[in-house]
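Read off the chains here:
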Amino acid sequence: MSTSLKGAEGLRSIPDLLRRNKQAFGSAPAYREKEFGIWQTWSWSETADEIEAVALGLLEFGINEGDFIAVIGRNRPQLYGAMVAAQMVGAIPVPLYQDAVAEEMAYVLDHCGARFVFAEDQEQVDKVIDIQDRLPGFERMIYLDPRGLRKYDHSALNKYDDVVASGRAARGTLGAELERRIAALDYDTTCVMLYTSGTTGKPKGVVLSNRNIIETAKASSEFDGLRQTDSVLAYLPMAWVGDFIFSIGQAYWTGFCVNCPESADTMMTDLREIAPSYYFAPPRVFENQLTQIMIRMEDAGPFKKRMFKYFMDHARKVGPKILDGESVGLMDRLKYALGEFMVYGPLKNALGFSNVRVGYTAGEAIGPEIFDFYRSLGINLKQLYGQTEASVFITQQPDGEVRSDTVGVPSPGVEIRINENGEVFYRSAGVFVEYYKNAESTADTKDAEGWVATGDAGFIEEDTGHLRIIDRAKDVGKMASGALFAPKYVENKLKFYPNILEAVVFGAGQDRCCAFINIDLTAVGNWAERNNIAYASYQELAGHPKVLDMIQSHVEEVNASVAQDDMLSACQVHRFLVLHKELDADDGELTRTRKVRRKIIGEKFEDLVNALYGGADSIYTETEVTYEDGRKGKITATLSIRDAKVVPVEIKPLEAAE
Amino acid sequence: MKDTEGYVTEDGRQIGGVLMEMQNITLRFGGVVAINDISFDIREGEIRAIIGPNGAGKSSMLNIISGFYTPSEGQLIYKGSPRPQMKPYEVARMGVARTFQNIALFEGMTVLDNVMTGRLTHMKSGILSQAVWWGKARDEELANREVVEKVIDFLEIQNIRKTPVGRLPYGLKKRVELARALAAEPSLLLLDEPMAGMNVEEKEDMSRFILDVNDEFGTTIALIEHDMGVVMDLSDRVVVMDYGKKIGDGTPDEVRNNQDVIDAYLGVAH
């Protein structure tokens, strides 16, 4: 279908695509949202009408071309609509992370100088009101959910429904102006500005043009053969580039339906009800789901347990081959078909993956066991490698060439090169325009020929052409002995254990590596329950000697596996401790996309790092924590430090690395 | 406070006229006088707390309001006219809903079904048409379900809609009980120790919901609670009882500085 549209003129912006969809698929569903227990549906023509009404409402407020409009809230059709409405009037939508504390929002809102804000509910409205004195450009806020807001001062506050209604009424007077503004949009107009969470420093506003988004959406939709009848579940933060590409770029290009969950807590139930055909999740979500299944299987009866084990073993053997279309014996196929009926089908149904045709994971490395588990069930789970600056896609795995240790081949229209230090560079139609108000960073990242530095170190496999990523280029360092130090490589191996949620490995410039470990409360809590270990808090469980024993055995297994790698064998973990608190984005220890901020953690827990290298058995520490409402508190703990067995290896200096 | 215009609270809410008035209520169980000649009123739109040490007669008072006990002496004026002796279900039909000190939900039923039972007083169709679920019975159920879903949305329990109540933690059960009471769309909501046994976080959640209910639906709320911090923060006016007698009545500040109340809580020789 999309091939016939390739040459179509006039499709130069998202509002253009919206109008085409209204004509081409008028009554087909564009958005669904579960509300009051029922899936409410908006067709493409209803969506287009509502978005135009919002755009007219914005014109009534006197919005100018080039103004910024911030959008804060969870995935809701109205908020997606608000972004497109902003584009219609020539303004630039800026989606924000809804769980950001007011301080973080203040920086972003001030940096872009947002004049208007779309806020989902009272929580978001309150945050913006808290900081509005520091936002000279801020003028007016529009909210969706009126609950608790009735008594607020409405001089600079409007209800979304009222804006839609007054917009509709103003069509006669402002319709012509709206048409003029839509016609003025072209391929190089800014489509959206997204703030990168950034593992270091302040967030940067990445400016993406219509060209970036539409070209990328088109190429990637064709790569996976996405169709108008596909559906996705939109549950990842709207401020994240991936959600923008999936739920707006690709959805508007191919015309498929975007489904919004009822609330964050009902996501799993909603996933099951919708059973999307196109699905995206970071590895963490797949890990959590697998952990849940395994925990529930522990409680199943012996017959079910044995059946599950028997068929899962078989699936691991032949499942991925069947998915890749390789030759598999008739008996194995029959057994797999029986397994599909007895185990795989019901399991996929329980997970909401019955209809998944294309599934992606990205953002972090995924454990091979986890990856293989889903593939063996017949779920076409693939990996991609991307960045906000690339409008997501840099590389992705084509059907039939899927492996857990690579991130795939360059996406259509993307060129890749590796420089002499091993850093990956790319160039494509999706490459961002600039960092907003930050020419210096733009120049650092993107050169005159359009090549962008990813900041990741990697190499291209010679026989397959697949890209493999080792670590962040700046994190790759040397140890005192001159051996190569790649912390992420070890951390990922540790994190593949369900009991370990997060790990931070230190060792640059040191004679040996040490690690912080975060336990996974769900997995370890369940283990504690089954082993009659009583605990009252996360902190108590994390400090339990038996938990430490278990983590120690994991660390030692990882050491044995790391020792196998010639290049990285020096990165074995000599000493470790289990942290007394979960690393949290609210405390600045993780980014909003839950990536570890290595440097900040190193500084914040300096006493612990020193203790790891100092040789003490235990250490007393005080840590400041930030609660969800922004208040601060303090927790204290005495952590014990354990030595882990390491495999003796010959240290090779860094020159061997390539 | 016999006026009908009401008053304005500290935070600027307009409180209406008298919704229910207790006049010289006495309740005896044999020789035991549980409640001794108590009079007070509950006004439209206010949050009214009844506090007192254990055994003061608070729950008995709530049971009289809900029609479970009949006062030995005195009378209740509800919406301007004296209320005759009534069964609890008749009182419920008049717009009084309650939650219980010890959770009284149907453990084996889902949250949704439990909350639906709160709509029973609004269902008029006969047993036969309900059994075949056709025509009026069906329309009625759909309309009631809509109300229930709004309550579920309001109390943010969508994720446990289909979960059997028996599997829920205590704090959530309390919230489901509140949901069931709200589903009846009451004009007077009675809460018997809504925070009992909760941790701080659950108490904060519950307090927020109580305030939101009052604010959003204008529901009049009478509550019994032991947590003084909660009572003083939430309520507009407080009645204090001790040994079946009323020893104080007024705004939280007035009550806090009342010597009789201080004595009752700190203890003096009787």
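Cut-offs used in this document
- Residues numbered from 1 in each chain as written.
- Chains lettered and ligands numbered in written order.
- Predicted model: local features only at pLDDT ≥ 70, side-chain atom pairs only at ≥ 80, totals over all residues.
- Helix = DSSP H or I, 4+ residues; strand = E, 2+ residues; numbered from the N terminus.
- Rg over C-alpha atoms; globule rule 2.2 N^0.38 Å.
- Buried ≥ 20, exposed ≤ 12 C-beta atoms within 10 Å, placed from the backbone.
- Contact = placed C-beta atoms within 7 Å.
- Nonpolar A, V, L, I, M, F, W, Y, C, P; charged D, E, K, R; others polar.
- Domains from an automatic or database assignment.
- Pairing = 2+ DSSP bridges.
- Axes fitted to C-alpha atoms, helices over the stretch in contact; angles between N-to-C directions.
- Expected span 1.5 Å × (residues − 1).

Under an unreviewed UniProt entry, the name given to chain A is Long-chain acyl-CoA synthetase, and the organism recorded is Thalassococcus halodurans.

Q: Teacher, can you tell me more about the overall build of chain A here?
A: Within chain A, the secondary structure is distributed over 22 helices and 28 strands. In terms of overall dimensions, chain A is globule-like: its C-alpha atoms have a radius of gyration of 26 Å, near the 26 Å expected for 658 residues. With the principal axes as the frame, chain A shows a C-alpha extent of 80 × 65 × 55 Å. Buried positions account for 47% of the 658 residues belonging to chain A. Excluding contacts between residues fewer than 6 apart, the proportion of contacts in chain A whose partners are at least 24 apart in sequence is 65%.

Q: Hey, could you run me through the interface of chain B and chain A in this one?
A: Where interface size is quoted, it is often the accessible area lost as the parts come together. Taken together, the contact between chain B and chain A spans nine residues of the former and eight residues of the latter. For the side of chain B that touches chain A, the secondary-structure elements that each account for two or more residues are α5 (136–154) and α7 (200–217) of chain B. It is α5(B) that provides the largest number of residues to the side of chain B that touches chain A, a total of four residues. In terms of residue class, the side of chain B that touches chain A is built from no nonpolar, two polar and seven charged.

Q: Help me out: how do you make sense of the domain arrangement of chain B in this one?
A: Residues and elements named next belong to chain B. What the domain assignment reports for chain B is domain 1 (1–95 + 186–270) and domain 2 (107–185). On a C-alpha basis, the centres of domain 1 and domain 2 stand 27 Å from each other. Taken together, the contacts link 11 residues of domain 1 with 10 residues of domain 2. Considering every element that reaches the side of domain 1 that touches domain 2, the biggest residue donor is α7, with four residues. Partitioned by chemical class, the residues of the side of domain 1 that touches domain 2 number eight nonpolar, one polar and two charged.

Q: Would you take a moment to explain the pairing of strand β17 (residues 415–418) of chain A for this structure?
A: Working note: regular strand, side chains alternate between the two faces of the sheet. Residue and element names in this part refer to chain A. One ladder, built from four bridges, connects β17 with strand β18 (residues 423–427); its direction is antiparallel. Paired with Glu415 across the bridge in β18 is Arg427. The hairpin turn running from β17 into β18, its antiparallel successor, is four residues long, and Gly422 in that turn takes a positive phi close to 90°.

Q: It is not clear to me how the environment of Asp265(A) should be interpreted in this structure. Could you clarify?
A: Residue and element names in this part refer to chain A. Positionally, Asp265 belongs in the loop between β11 (257–260) and α11 (267–274). Taking the number of C-beta atoms within 10 Å as the measure of exposure, Asp265 has 14 and is therefore partly exposed. Spatially, the C-alpha atoms of Asp265 and Phe286 are 16 Å apart, while their sequence positions differ by 21 residues.

Q: Sorry, what's going on with the sheet that holds strand β6 (residues 140–143) of chain A here?
A: In a beta sheet, neighbouring strands are held together by backbone hydrogen bonds and run either parallel or antiparallel to one another. Residue and element names in this part refer to chain A. If you walk across this open sheet you meet the five strands as β4-β3-β5-β6-β7, and the pairing is parallel. Every other strand in the sheet has two partners, leaving β4 (92–96) and β7 (157–159) as the edge strands with one partner each. Here the strands of the sheet are splayed against their neighbours by 20° on average, with no regard to which way each runs. Relative to β4, strand β3 (residues 68–72) is paired through five bridges, and the arrangement is parallel. Following the sheet pairing, Val71 is matched in β4 by Pro95. Across the face of the sheet, helix α4 (residues 77–88) comes into contact with β3, β4 and β5 (116–119) while running at roughly 155° to β4.

Q: I keep staring at the sheet that holds strand β10 (residues 231–233) of chain A and nothing clicks. Help me out?
A: Residue and element names in this part refer to chain A. The strand order across the open sheet built from four strands is β2-β1-β11-β10, with neighbouring strands paired in mixed fashion. Every other strand in the sheet has two partners, leaving β2 (38–43) and β10 as the edge strands with one partner each. Between one strand axis and the next, the sheet turns by 20° as a mean value, whatever way the strands run. Packing against the sheet, α4 makes contact with β1 (29–35), β2 and β11, and its axis sits at approximately 140° to β1.

Q: Would you explain helix α3 (residues 44–60) of chain A in this entry?
A: Residues that lie three or four places apart on an α-helix share one face, since the helix turns once every 3.6 residues. Residue and element names in this part refer to chain A. Over its 17 residues, α3 extends 24 Å from the first C-alpha to the last, a length consistent with the 24 Å expected when each residue adds 1.5 Å. Extensive coverage of α3 is indicated by the burial of 13 of its 17 residues. Immediately downstream of α3, the backbone of Gly62 shows phi near 85°, a positive value.

Q: In this structure, what is going on with the domain arrangement of chain A? I would like to understand it.
A: All names here are of chain A. Taken domain by domain, chain A holds domain 1 (2–269), domain 2 (283–472) and domain 3 (477–656). Residue-level contacts link 23 residues of domain 1 with 20 residues of domain 2. Going through the elements one at a time, α5 (102–112), β8 (190–196), β9 (204–209), α9 (210–223) and α10 (241–254) are the ones with two or more residues in the side of domain 1 that touches domain 2. The element contributing the most residues to the side of domain 1 that touches domain 2 is α9, with eight residues.

Q: Help me out: how do you make sense of the environment of Gly250(B) in this one?
A: Residues and elements named next belong to chain B. Position of Gly250 relative to the elements: it lies in strand β12 (residues 245–250). Exposure remark for Gly250: the 16 C-beta atoms within 10 Å place this residue in the partly exposed category. Counting along the chain gives 201 residues from Gly250 to Ala49, while the straight-line C-alpha distance between them is 10.0 Å. Dropping the residues within four chain positions of it, Gly250 is found in contact with Arg237, Val238 and Val255.

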